[in-house]
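Given next are the chains, with one letter for each unit.
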Amino acid sequence: LLGMFGKSRPPSRATVDQRLVEKFFKKLNVYPVSQSRVIVIEFTASDPALASKVANAVAETYVLATREVKYSAAKSAMTWLAGEIGRLRQTVAASEAAVEEFEGAIDLDPRYAHAHAGLADCHSYLQMFWDASEAHVEQAQASSAKAVTLAPDLPEAHVAKGVAATLSGRFD
């Protein structure tokens, strides 16, 4: 009906909202202060009180949004860390159980080089990821040296000896 009188349809609500947002952003100026963590927020309006209120509202919204992002990131990190600790506890428990198994194999056959290499690996792992005691380093070095002596061609023995040497910083 409006078209018959040379008038167009009223703009859609989305178009009005879009124009308002565009107009708002034309009056808003945000920029960082060089070599600082400060940002400047300016809003241009004929009423200085309104300009101040809008700039302060934008600043407050920014601070709240930033705080929420930081909180969310911290919460995610804490949840991830709890999972990692749980995983490491399971791995440590498995390594401690493996120590007992390797020691049992060595009791049955003291010349079984694979068991000595495995025992060395377990002590190296425990030292690196759970208990950084010198006792684990010494046990890893002794077990890996025994494995190399028993089976000089066994790759696992040399890997275990290399890892144990890395723990102490000795590369001889």
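Further up the page is the structure itself.
Position numbers for residues start from 1 in each chain and track the written sequence from start to end. In keeping with the model being predicted, local features are shown solely for residues with a pLDDT of at least 70 and side-chain atom pairs are shown and tallied solely at 80 or more, while totals for entire chains, interfaces and linings include all residues. Note that water and hydrogens are dropped before the side-chain values are worked out from all heavy atoms of the structure.

1. Description of the packing of aromatic side chains
Phase 1 of the analysis: Centres within 6.5 Å make a pair out of two Phe, Tyr or Trp rings, where for Trp the six-membered ring is used; the pair is then stacked when the planes are under 30 degrees apart, edge-to-face when over 60, and tilted otherwise. Scanning the model with the defined rule gives three aromatic pairs in all.
Phase 2 of the analysis: Relative to Phe 43, the ring of Phe 24 has its centre 5.2 Å away and its plane inclined at 35 degrees; by these criteria the two rings are tilted. Of this pair, Phe 24 sits in helix H1 (residues 13-27) while Phe 43 sits in strand E2 (residues 39-43), placing them 19 residues apart in sequence.
Phase 3 of the analysis: Judged by relative accessible area, Phe 43 falls into the buried class, the value being 14%.
Phase 4 of the analysis: For the pair Tyr 125 and Phe 129, a centre-to-centre distance of 4.7 Å together with 45 degrees between the ring planes defines the contact as tilted. Here the residue Tyr 125 and the residue Phe 129 both occupy positions in helix H3 (residues 113-129), the gap between them amounting to four residues, near one helical turn.
Phase 5 of the analysis: The class of Phe 129 is partly exposed, set by a relative accessible area of 43%.
Phase 6 of the analysis: Members of the aromatic cluster, each reached through a chain of ring pairs, are Phe 24, Phe 25 and Phe 43. Helical segments are the DSSP runs of H or I of at least four residues, strand segments are the runs of E of at least two, and each set is numbered from the N terminus. Here's how the labels work: a residue is buried when its accessible area is under 20% of the maximum for its type, exposed when over 50%, partly exposed in between, all with a 1.4 Å probe on protein chains only.

2. A look at the side chain of Ser 143
Phase 1 of the analysis: Following the sequence through the fold, Ser 143 ends up in helix H4 (residues 134-150).
Phase 2 of the analysis: Residue Ser 143 is classed as buried on the basis of its relative accessible area of 4%.
Phase 3 of the analysis: By the convention used here, residues are in contact when the closest approach between their heavy atoms is within 4.5 Å. Not counting the four nearest positions on each side in its chain, Ser 143 is found in contact with His 116, Ala 117, Leu 119 and Ala 120.

3. Topic: the nonpolar core
Phase 1 of the analysis: Here the nonpolar core consists of buried residues drawn from Ala, Val, Leu, Ile, Met, Phe, Trp, Tyr and Cys, with membership extended through side-chain atoms lying within 4.5 Å. In terms of nonpolar packing, the biggest core is built from ten residues, these being Ala 113, Ala 117, Ala 120, Ala 147, Val 148, Leu 150, Ala 151, Leu 154, Ala 157 and Ala 160.
Phase 2 of the analysis: Listed by contribution, the elements that provide at least two residues to this core are H3, H4 and helix H5 (155-168).
Phase 3 of the analysis: Membership of the second largest hydrophobic core comes to seven residues, among which are Val 92, Ile 106, Ala 115 and Leu 126.

4. Digging into helix H2 (residues 48-108)
Phase 1 of the analysis: Counted at 1.5 Å a residue, the expected span for H2 with its 61 residues is 90 Å, and the 89 Å between its end C-alpha atoms agrees.
Phase 2 of the analysis: Within the sequence span of H2, burial applies to Ala 51, Val 54, Ala 55, Val 92, Ser 95, Val 99 and Ile 106.
Phase 3 of the analysis: The term polar contact refers here to a pair of N or O atoms within 3.5 Å; inside protein, the definition further demands a hydrogen-donor-capable atom paired with an acceptor-capable atom, and it admits residues adjacent in sequence only when both atoms are side-chain atoms. For H2, the side-chain oxygen to backbone nitrogen distance between the N-cap and Ala 49 is 3.1 Å, and the N-cap itself is Asp 47. Here, expected helix span is obtained from the residue count minus one, scaled by 1.5 Å.

5. Concerning H5
Phase 1 of the analysis: The end-to-end C-alpha separation of H5 is 21 Å, in line with the 20 Å expected for 14 residues at 1.5 Å each.
Phase 2 of the analysis: Of all the residues in H5, the buried ones are Ala 157, Ala 160, Ala 164 and Ala 165. The buried side chains of H5 occupy one side of the element, clustering within an arc of 135 degrees when seen end-on. For H5, the exposed residues set more than 90 degrees away from the buried face come down to Pro 155 and Val 159.
Phase 3 of the analysis: Elements that come into contact with the buried residues of H5 comprise H3 and H4. It is the directions from the helix axis to the C-beta atoms whose arc is reported.

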